[in-house]
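Each chain, letter by letter, is given below.
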Amino acid sequence: MSFLPNLCTVKGICILDNDGKRVVSKYYDSNDDTFATVKDQKAFESKVFKSTEKSSSEIVAINNYTVVFRSNVDLFFYVIGDSNENELMLLSVLNALYESVSMILRKNVEKRTVFDQMDSILLICDEVVDRGIILESDPNNIVNRVHVKTEDIPLSEQTVTQVSYDILKSFNWLSQS
């Protein structure tokens, strides 16, 4: 059996809480029956969590997938690849994801802060992997792209989230005066 080279190396990225519930997940192989529906995705996530919650290693093989993971206070970070995928490549994606999230959250990687910065977390996922293709693995480059200062962007080019954040920040400042 011959394996043809393929740019699509990542099947999915997941962040689960310490109960195995989904916090963030992005799947890139819509042709795969394992990830076809949300119900299938959650069943796979449950199986992955049960296999890794008490594991001391950082890599497991589940079904026909290679899963690399990293745990933190109350979160588990997962990168899923095909069974014949290079584990070091998947691990570099995992490290880029985790370090970028850690930098954005100022080393306070917890479920609450992830929910507070969900837009940045999703942008990080998009900067690291797009449609299964690894785009970037340097956390500093990822953070620089994601964490653009809104003061430097004209109001007409800012997203609704950025404008809302600036408004809330100004109200908090006014109420503290």
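Everything discussed here concerns the structure shown above.
Residues numbered from 1 in each chain as written. Predicted model: local features only at pLDDT ≥ 70, side-chain atom pairs only at ≥ 80, totals over all residues. Heavy atoms only, no water.

A look at unusual backbone geometry
Leaving glycine out, the prevailing phi sign among residues is negative, and the prevailing peptide bond configuration is trans.
Here's step 1: Phi at asparagine 63 takes a positive value of approximately 55°, unusual for a residue other than glycine.
Here's step 2: When you line up the elements, asparagine 63 lands in the loop between β3 (59-62) and β4 (65-71).
Here's step 3: Positioned with a positive phi, arginine 106 is a non-glycine residue whose angle comes to about 55°.
Here's step 4: Looking at the element boundaries, arginine 106 is found in the loop between α2 (87-104) and α3 (111-116).
Here's step 5: What makes arginine 106 exposed here is its relative accessible area of 66%. (Helix = DSSP H or I, 4+ residues; strand = E, 2+ residues; numbered from the N terminus. Buried < 20%, exposed > 50% of the residue type's maximum accessible area, 1.4 Å probe, protein only.)

Description of the side chain of threonine 66
Here's step 1: Tracing the backbone through its elements, the reader meets threonine 66 in strand β4.
Here's step 2: Residue threonine 66 is classed as buried on the basis of its relative accessible area, which comes to 5%.
Here's step 3: Of note is the side chain of threonine 66, whose polar atom sits 3.3 Å from the backbone oxygen of aspartate 82. (Polar contact = N/O pair within 3.5 Å; in protein donor to acceptor, adjacent residues only side chain to side chain.)

Here's the deal with the pattern of salt bridges
Here's step 1: Inspection of every chain in the model, using the stated rule, returns 9 salt bridges.
Here's step 2: A salt bridge links aspartate 29 to lysine 11, with the shortest nitrogen-to-oxygen separation between them at 2.6 Å. Here aspartate 29 is found in the loop between β2 (22-27) and α1 (38-52), whereas its partner lysine 11 is found in strand β1 (residues 10-17), with 18 residues between them in sequence.
Here's step 3: On the basis of relative accessibility, which here comes to 16%, the residue lysine 11 falls in the buried class.
Here's step 4: Across the salt bridge formed by aspartate 126 and lysine 26, the nearest N and O atoms sit 2.9 Å from each other. Highlighted residues: aspartate 126 in helix α4 (residues 118-128) and lysine 26 in strand β2, separated in sequence by 100 residues.
Here's step 5: Exposure remark for lysine 26: the relative accessible area of 22% places this residue in the partly exposed category. (Salt bridge = Lys/Arg side-chain N within 4 Å of Asp/Glu carboxyl O.)

Quick notes on the pairing of β1
Consecutive residues of a regular strand have side chains that alternate between opposite faces of the sheet.
Here's step 1: Of all 8 residues that make up β1, 8 are buried, and the element is covered over most of its length.
Here's step 2: The sheet contact formed by β1 and β2 spans 5 bridges and is antiparallel. When the bridges of β2 are listed, glycine 12 appears paired with tyrosine 27.
Here's step 3: As consecutive antiparallel partners, β1 and β2 are separated by 4 residues, and within that stretch glycine 20 has a phi angle of approximately 85°, a positive value. (Pairing = 2+ DSSP bridges.)

Digging into the state of the cysteines
Every disulfide links exactly two cysteines, by a covalent bond between their sulfur atoms.
Here's step 1: Scanning the model with the defined rule gives 0 disulfides in all.
Here's step 2: Cysteine cysteine 14 remains unbridged, with the sulfur of cysteine 125 as its closest cysteine sulfur at 9.4 Å. (Disulfide = S-S within 2.5 Å.)

Some thoughts on the side chain of aspartate 17
Here's step 1: Secondary-structure assignment places aspartate 17 in strand β1.
Here's step 2: Polar contacts involving the side chain of aspartate 17 include one to the side chain of lysine 111, which spans 2.8 Å.
Here's step 3: Discounting residues that sit within four places of it in the chain, aspartate 17 has contacts with Val23, Phe49, Asp74, Leu75, Phe76 and Lys111. (Contact = heavy atoms within 4.5 Å.)

Points about the nonpolar core
Here's step 1: Formed by 31 residues in total, the largest nonpolar core has its most connected members in Val10, Phe77, Val101 and Ile124.
Here's step 2: Mapped by element, the contributors of at least two residues to this core are β1, β2, β5 (75-82), α2, α4 and α5 (139-146).
Here's step 3: The leading source of residues in this core is α2, at 9 residues.
Here's step 4: Once you skip the residues sitting within four places of it in the chain, isoleucine 124 turns out to touch Leu97, Ser100, Val101, Ile104, Ile142 and Val146.
Here's step 5: Counting 15 residues, the second largest nonpolar core, distinct from the first, contains Val60, Tyr65, Val67 and Phe69. (Core = buried A, V, L, I, M, F, W, Y, C linked by side-chain atoms within 4.5 Å.)

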